[in-house]
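Okay, here's what each chain looks like letter by letter:
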Amino acid sequence: MTSVGSFLLLLPRNICVAILRGYRAVISPLYGDVCRYYPSCSAYAMGAIQQHGAVKGIALGSWRIMRCHPWARGGIDDVPESRRHHDHYHLTRFGFVAAGHGKG
Amino acid sequence: MDFFGTILWPIKWVIEAILVGFHWLFTALGLDPAAGLTWVLSIVGLVLIVRAALIPIFVRQIKSQRKMLEVAPELKKIQDKYRGKKDQFSREAMQRETMALYQRAGTNPLASCLPLLVQMPIFFSLFSVLNEARQDKAGVGLLTQELADQYTNATLFGVAPLKYSLVDAFNYGNVAVAVIAIVMIVVMTASQFYTQLQIMAKNQTPEMKNSPMYRQQRILLYILPVVFLFSGLAFPIGVMFYWLTSNIWTMVQQFLVIRNMPTPGSEAALAREARLAKRNRNRIAVDADSLAETASEEPAKPATTQRQQPVGKNRAKKQGGSRR
């Protein structure tokens, strides 16, 4: 029951992850390296959604894109760490979020 | 009005204003207001305005590129540190260090993401403006019913209606539209191909060329024509003129950037150094003509297809032995 629950809970963010993976595979290479930050905007958005879920992740990602303008200083800008993500979830090879903290 | 319509409304209004403005200008210059060419030129004008508005961003990039010279030695150090390391973690660590270097130096050669994203709503708005105009509906602002009528009935060269896509061309058996659309798809593919090839072949360091990202980009290069073919099927040729002009602009701009501000350590950078060195040499040569005289090498032997008669060892010595 809990696995179904966590699957449903994680579904929105995993759909976003799948879309972002597609974007990073197909559209992103078209432009080459443009982002002024590390990780790049799409990588940041992916990390933010993985760690913080679809709603907060999209908000963080959008805020990042707004900041990635030609007058921005750029540089290293990591996704804020999520304690909850660290304790309860892990990432699959593809980047999907799954319940249980990795290592196993 | 739907959700996207509401968001795009201001952009659509501006695009209509620019389109109608150019249309008015070309009509004032004596072109037929109902002709397809007038509308195509208006669309081209729109692209020029949009891309010209993005030039300050471009100039900004040039300025930070100049600053790049200052950090070039440190950049080289990072590149050397990760030379030959192709795994994902090394690549990421290298990117992180490079970015930290830019941050410390207060410079950044990258263009940023916003300009790319800004162009997407513009393209969608144009598509939606032209799509409504071809259904003979007046626009949200300056595109009046009369102008919409003219656009709906506009034909390029008197045979190819602007509102037709490749699919329409097949449905209505319009050969002219099919030919124009296919030519445009070919030109678009070629220009995009060339732009990509320039970036990939010339403006990347050998390390970047070994990365998985680079391989991905190469595969994409061969998928692109298919993407353009499908978009050519779906978009009316009027909209495709926007894309085509924009692609050509990008190609020229990219050419200038790569020529004048290449990525340090890339092939293009080497080529630029060679060009500059050659120019300096030429200047010196002009200044000191006599020096150039003495430095001039013996002229290259004229290519000949004629077989050389073999010469015996002794005879070769007699001839001076300066062969080979």
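This structure is a prediction, so every number in the text was calculated from the model and none was measured.

Draft legend 1. Looking closely at the overall build of chain A. Secondary structure assignment for chain A yields four helices and four strands. For chain A, buried positions account for 31% of its 104 residues. In chain A, the share of contacts with a sequence separation of at least 24, taken over all contacts with a separation of at least 6, comes to 57%.

Draft legend 2. Up close: helix α2 (residues 36-53) of chain B. The end-to-end C-alpha distance of α2 of chain B is 26 Å, a good match for the 26 Å that 18 residues give at a rise of 1.5 Å each. By the burial criterion, the buried members of α2 of chain B are G36, T38, W39, V40, S42, I43, L46, V47 and V50 of chain B.

Draft legend 3. Main features of unusual backbone geometry. Of note, the bond from Y38 of chain A into P39 of chain A is cis; its omega dihedral lies within 30 degrees of zero at -5°. Structurally, P39 of chain A can be placed in the loop between β1 (37-38) and α3 (41-67).

Draft legend 4. Looking closely at the interface of chain B and chain A. In this assembly, 23 residues from chain B lie in contact with 20 residues from chain A. Secondary-structure elements contributing two or more residues to the side of chain B that touches chain A are α3 (55-81), α4 (88-105), α5 (114-134) and α10 (212-234) of chain B. Among the elements that take part in the side of chain B that touches chain A, α4 of chain B stands out by supplying six residues, more than any other. In the side of chain B that touches chain A, the residues fall into 13 nonpolar, eight polar and two charged.

Draft legend 5. Region of interest: the confidence of the model for chain B. Confidence in the prediction of chain B, expressed as mean pLDDT, is 77, and 84% of residues score 70 or more. Overall fold confidence for the complex sits at a pTM of 0.64, while the interface term, ipTM, reaches 0.81.

Draft legend 6. Focus on the environment of M94 of chain B. In this fold, M94 of chain B is placed in helix α4. Sequence-distant contacts of M94 of chain B, that is, excluding residues within four places in its chain, are made with I78 and Y82 of chain B.

Draft legend 7. Molecular detail of the nonpolar core. Ranked by internal contacts, the top residues of the largest apolar core, which has 41 residues, are L46, A181, M184, I237, M240 and Y242 of chain B. Looking at this core, the elements with two or more residues in it are α1 (3-28), α2, α5, α6 (145-153), α7 (166-172), α8 (175-202) and α11 (237-260) of chain B. Looking at this core, the element that brings in the most residues is α11 of chain B, giving seven residues. With sequence-adjacent residues up to four places away left out, M240 of chain B is seen in contact with A181, M184, G232 and F235 of chain B. Of all hydrophobic cores here, the second largest spans 18 residues; its members include C41, M46 and C68 of chain A together with M99 of chain B.

Calculation rules
- Residues numbered from 1 in each chain as written.
- Chains lettered and ligands numbered in written order.
- Predicted model: local features only at pLDDT ≥ 70, side-chain atom pairs only at ≥ 80, totals over all residues.
- Helix = DSSP H or I, 4+ residues; strand = E, 2+ residues; numbered from the N terminus.
- Buried ≥ 20, exposed ≤ 12 C-beta atoms within 10 Å, placed from the backbone.
- Contact = placed C-beta atoms within 7 Å.
- Expected span 1.5 Å × (residues − 1).
- Nonpolar A, V, L, I, M, F, W, Y, C, P; charged D, E, K, R; others polar.
- pLDDT = per-residue confidence, 0-100.
- Core = buried A, V, L, I, M, F, W, Y, C linked by C-beta atoms within 7 Å.

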